[in-house]
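# Geometric and topological summary
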Amino acid sequence: MKPLTEVKIGKLTLKNPVLTASGTFGYGLEYSQFLDLNLLGGIIIKGLSLNPKEGNPPPRIYETPCGMLNSIGLQNIGLNAFVKEKLPILKRFDTKIIVNFFGENLDEYIELAGKLDATDGIHALEMNVSCPNKKSEWRKMGLNPELLKKAVREVRRVTKKTLIIKLSPQVTDIEEMAKVCEEEGADALSLINTIPAMVIDIKTRKSIIGNPIGGLSGPAIRPIAVRMVWEASKAVEIPIIGIGGITSAEDALQFLIAGARAFAVGTANFINPLCSIEVIEGIERFLIEEGIKDINEIIGTFQQ
Amino acid sequence: MNKIFKGQIIKNQAFAENVYLISLNLSSRIDAKPGQFFILRVNDRFDPLLGRPFSVFDLEDNKLSFLYRVKGKGTKILSNLPEGEKIQITGPFGKWYPFPKDDYVVIAGGIGIASVFYLMKKFPKKAYLFYGAREKSEILFFEKLKELANYIYISTECGSADYKGIVTEAFKEKGMHLNFPIYACGPMVMIKELKNLLKNKKEIPCFVAVEERMACGLGACLGCVIETKDGLKRVCTEGPVFPINDLKL
C-alpha cells in the first residue's frame, strides 16, 4: 500500500513534504518542461520584491567543493509581472504556490505582504529575513531578535495566509530566533538560507564573484542545516521546513528525522532538474521498506 | 522541448594538447541547432557540483559530439571517462545562430571552433572561415573544415600558417571587404577586437557565442548573466548567441 505522505504547514496541506527552494526553481515554469509540477508538495517562488530588481553585477556564481557560491542579488521581475505573467499559468497546476518575498525596508515588506495576501492563487508567504545579498538597513533583520520581532509582528498583521519565516544560519542562537517568530504568530519556519561565504582569486586578490561575499549552498552546507533544524524544532511547536543541500531521499529523511515537517530541494535542482521528483519517489520507497504507513510517524524521531 | 537523458560514451579522445572530442550515443533522436548547448554531468555524485555546458559540436541522429578543452576539475574528470560510461545530459538550451541565407563569414579563435563547426556542417560550402590559434598543432579538423567551408584562412600567433598574428587581424586583412553576415566564437579578447573592427560596419549582422559560469542552463538560477545594452541577460536563455552590438564589452 502506498504510504500517506500528506503534511500540514500552517493552514496548508501539502500532498507530500517536497518543496523546491526559493531561488533555485525560478518561477516554477522553467522546470515544467522537465517534470510534472503536479507531483510536488509545493513550489517556493523566487524572492519577489514590489518592483523589479536587476540584482548584482556578474560574475555571480562560483563552484566550491560540493557547493556553490552565489551573489545573484535577488534579481526578480517584481510582484506585478509575476501576478500577470507567471501566476495564471502556475494556477493550472495542482500544487501549493508559496511566494518568497522581501523588501528594502519594513514598509515595503508590509506593503508587499498585504498585496500577496490579497492575490488569489498564492497559498502561502515565505518571508526572507536573511539573504546575504540584500543591501539595506533591514538586511540584518534576521540576525537581530528585536528587529525580527517587530518585522514578523507587522507582517503578521497584514496577512491571514500561512506565513513562513525563512531564517538565517548566521546566528549563534537559532532557538531564540525561532521562538521570536513563533511568539509573533508565524505559522512556520524555513531554514537555512545560504551561508555567507567568500572565495578569493589569488592573482587579482579580488572576490571570484561580483561581490566580496556570496551565499554558499549545496551539499557542503547540509550537515549544518540538519543541525539547525534539529535545534529549532526543539525550541518551537510550529512546523519547520528544512532546507540545505538536499540531493536525495536519504538527505531529505535526515531533515524529517531532525524535526522538519517538510523540506525544500534547492541547489540540486540546478544539477538534476528531476531531483525533487526522485526524492519523492525515494521517500515513498523508504517508507514502504521500513513499514511506515504515514510519513508523519518519522518526523522528529531523532534519537539522542 | 528540452530533455534530460543519458548518453553513453562512444569515444572520448584527445585531439590536441588538452583538447578532447567526446561522442555520445543517446537513447533517442534529438534535435539541436548550431550555437545551442548541452550540460554534461561528469559523474553521479555532487563533486564537482555542477554540470558543464558545451556547445554542440556535431549531431547526427542519436550521436552527439562535443569538442572541449580541459580547463579545470570538471573537464579533467570528463576527459578520463572511458568508452561505455553513461552520463547525464540536459539540453539543448539557448538561442542558436540565425540561419545564414547565403554566403557567410565565420571567425573562430582557438576552442571557439567547437561552436561554429556544426553551423558550417549544416550550411556547407558557403562559409568564409577565419580560424586562428596560437600554433598550427592547435588548428583542428583542418581537412574536414576545408571540405565544409568555401574559403579558409588560418592564422597562428607563431606564423606557421597563412597568416602570422591573431585571427581578427587576419580577418581585417582578408575579410573586411566581405559583406556577409558574420558568426564568431572565441576568447573575449577576440570578441572585443572584432566589435572594434566592425564599429563602422554596423550594417553587417554579426552574431557571437559567449560563455559564462553557469549552474542550471535553463534560465532559473540567473547565475550566468552578462551585460548588454538592454541590461543583464542570461547567457543560457537569451544567449549564448548574441548580436555583437548588443554586448557591452
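The paragraphs below set out a description of the structure included in this document. All figures in this text were calculated on a predicted structure; none of them were measured in a lab.

## Quick look at the environment of Ala-14 of chain B
Residue and element names in this part refer to chain B. Here Ala-14 lies in strand 1 (residues 3-16). Classification of Ala-14 by relative accessible area gives partly exposed; the value is 47%. In this structure the C-alpha to C-alpha distance between Ala-14 and Val-70, which are 56 residues apart in sequence, comes to 9.9 Å. If we skip the residues at most four places from it in the chain, Ala-14 touches Val-19 and Tyr-20.

## Observations regarding the interface of chain B and chain A
Contacts between chain B and chain A engage 30 residues on the former and 32 residues on the latter. Across the chain B/chain A interface, buried area totals approximately 2700 Å², and carbon plus sulfur atoms make up 67% of it. If you sort the residues of chain B by the area they bury against chain A, Phe-46, Leu-49 and Arg-213 of chain B come out on top, with a joint share of 25%. Across the contact surface, chain B and chain A share one salt bridge. The partner of Glu-63 of chain A in a salt bridge is Arg-52 of chain B, with the nearest N and O atoms 2.7 Å apart. When residues of the side of chain B that touches chain A are traced back to their parent elements, those giving at least two are strand 1, strand 7 (86-93), strand 14 (225-228) and strand 15 (231-234) of chain B. For the side of chain B that touches chain A, the per-class residue count stands at 17 nonpolar, six polar and seven charged.

## Section: the packing of helix 5 (residues 222-235) of chain A against helix 6 (residues 249-258) of chain A
All names here are of chain A. Running from N to C, helix 5 and helix 6 point in directions that differ by 20 degrees, and their axes come no closer than 8 Å. Accordingly, the angle class assigned to the pair helix 5 and helix 6 is roughly parallel. With respect to the hand of their crossing, helix 5 and helix 6 are arranged in right-handed fashion. Facing Arg-222, Ala-225, Val-226, Val-229, Trp-230 and Ser-233 of helix 5, the residues of helix 6 in contact are Asp-251, Gln-254, Phe-255 and Ala-258. Its residues assigned to classes, the contact of helix 5 with helix 6 shows six nonpolar, two polar and two charged.

## Structural notes on the pattern of salt bridges
All names here are of chain A. Tallied over the full model, the rule gives 26 salt bridges over all chains. The salt bridge involving Lys-115 is made with Glu-111; its shortest N-O contact spans 3.1 Å. Of this pair, Lys-115 and Glu-111 both sit in helix 2 (residues 106-117), four residues apart, which is roughly one turn of the helix. Among the salt bridges present, the one from Arg-222 reaches Asp-251, with a minimum N-O distance of 3.0 Å. On the criterion of sequence distance, the pair formed by Arg-222 in helix 5 and Asp-251 in helix 6 is long-range, its members being 29 residues apart. Like Asp-251, Arg-222 is buried.

## With respect to the packing of helix 4 (residues 167-174) of chain B against helix 5 (residues 188-197) of chain B
All names here are of chain B. Following both chains from N to C, one finds helix 4 and helix 5 inclined at 25 degrees, their axes separated by 9 Å at the closest point. By the angle between their directions, the pair helix 4 and helix 5 is classed as roughly parallel. Note that helix 4 runs across helix 5; the crossing there is right-handed. The segment helix 4 lies against helix 5, with Val-167, Thr-168, Phe-171 and Lys-172 engaging Met-190, Glu-193, Leu-194 and Leu-197. Within the contact of helix 4 with helix 5, the residues separate by chemical class into five nonpolar, one polar and two charged.

## Let's talk about the packing of aromatic side chains
Residues and elements named next belong to chain B. In this structure the tally under the stated criterion is 26 aromatic pairs over all chains. The interplanar angle of 35 degrees and the centroid separation of 5.8 Å between the aromatic rings of Tyr-128 and Tyr-151 together place this pair among those described as tilted. On the criterion of sequence distance, the pair formed by Tyr-128 in strand 9 (residues 127-133) and Tyr-151 in strand 10 (residues 151-156) is long-range, its members being 23 residues apart. Taking the relative accessible area as the measure of exposure, Tyr-128 reaches 18% and is therefore buried. Relative accessible area serves as the criterion here: at 29%, Tyr-151 is assigned to the partly exposed category. Between Tyr-151 and Tyr-153 the ring centres are 6.3 Å apart and the planes differ by 15 degrees, which places this aromatic pair in the stacked class.

## Observations concerning the pairing of strand 8 (residues 124-128) of chain A
All names here are of chain A. Summarising burial for strand 8: five of the five residues are buried, a large majority. Along strand 8, one buried face is formed by Ala-124, Glu-126 and Asn-128 and the opposite face, lined by Leu-125 and Met-127, is buried too. Pairing of strand 7 (residues 96-101) with strand 8, which is carried by four bridges, proceeds in the parallel orientation. Bridged to Phe-101 within strand 8 is Met-127. Pairing between strand 8 and strand 9 (residues 162-166): five bridges, direction parallel. Residue Leu-125 lies in a different strand from strand 9, and its bridge partner there is Leu-163.

Rules used in this analysis
Per-chain numbering applies: the sequence of each chain, read as written, is numbered from 1 onward. Key to labels: chains lettered from A, ligands numbered from 1, both in the order written. This being a predicted model, a pLDDT of at least 70 is required before a residue's local features are given, and a value of 80 or more before pairs of side-chain atoms are given or counted; all residues contribute to the totals for chains, interfaces and linings. Side-chain measures here rest on the full set of heavy atoms in the structure, leaving out hydrogens and waters. A run of H or I in DSSP becomes a helix once it reaches four residues, and a run of E becomes a strand once it reaches two; helices and strands are each numbered from the N terminus. Note on classification: 1.4 Å probe, protein chains only; a residue is buried when its accessible area is under 20% of the maximum for its type, exposed when over 50%, partly exposed between these limits. In this description, contact between two residues means that some pair of their heavy atoms is separated by no more than 4.5 Å. Buried area: the accessible surface (1.4 Å probe) lost by two parts on joining, summed over both. What makes a salt bridge here is a side-chain nitrogen of Lys or Arg within 4 Å of a carboxyl oxygen of Asp or Glu, nothing more. Basically, the charged four are Asp, Glu, Lys and Arg, the nonpolar ten are Ala, Val, Leu, Ile, Met, Phe, Trp, Tyr, Cys and Pro, and anything else, Gly included, counts as polar. Only the contacting stretch of a helix is used when fitting its axis, a line to C-alpha atoms as for every element, and angles between N-to-C directions run 0 to 180 degrees. These descriptions rest on fixed angle ranges, namely under 35 degrees for roughly parallel, over 145 for roughly antiparallel, 65 to 115 for roughly perpendicular, and the rest for oblique. If you view the pair so one helix is near and one far, a crossing is left-handed when the near helix is turned anticlockwise from the far one by less than a right angle, and right-handed when it is turned clockwise. The rule is short: rings of Phe, Tyr and Trp, with Trp giving its six-membered ring, pair when the centres are within 6.5 Å, and they are stacked under 30 degrees, edge-to-face over 60, tilted in between. Strand pairing requires that DSSP identify at least two bridges connecting the strands.

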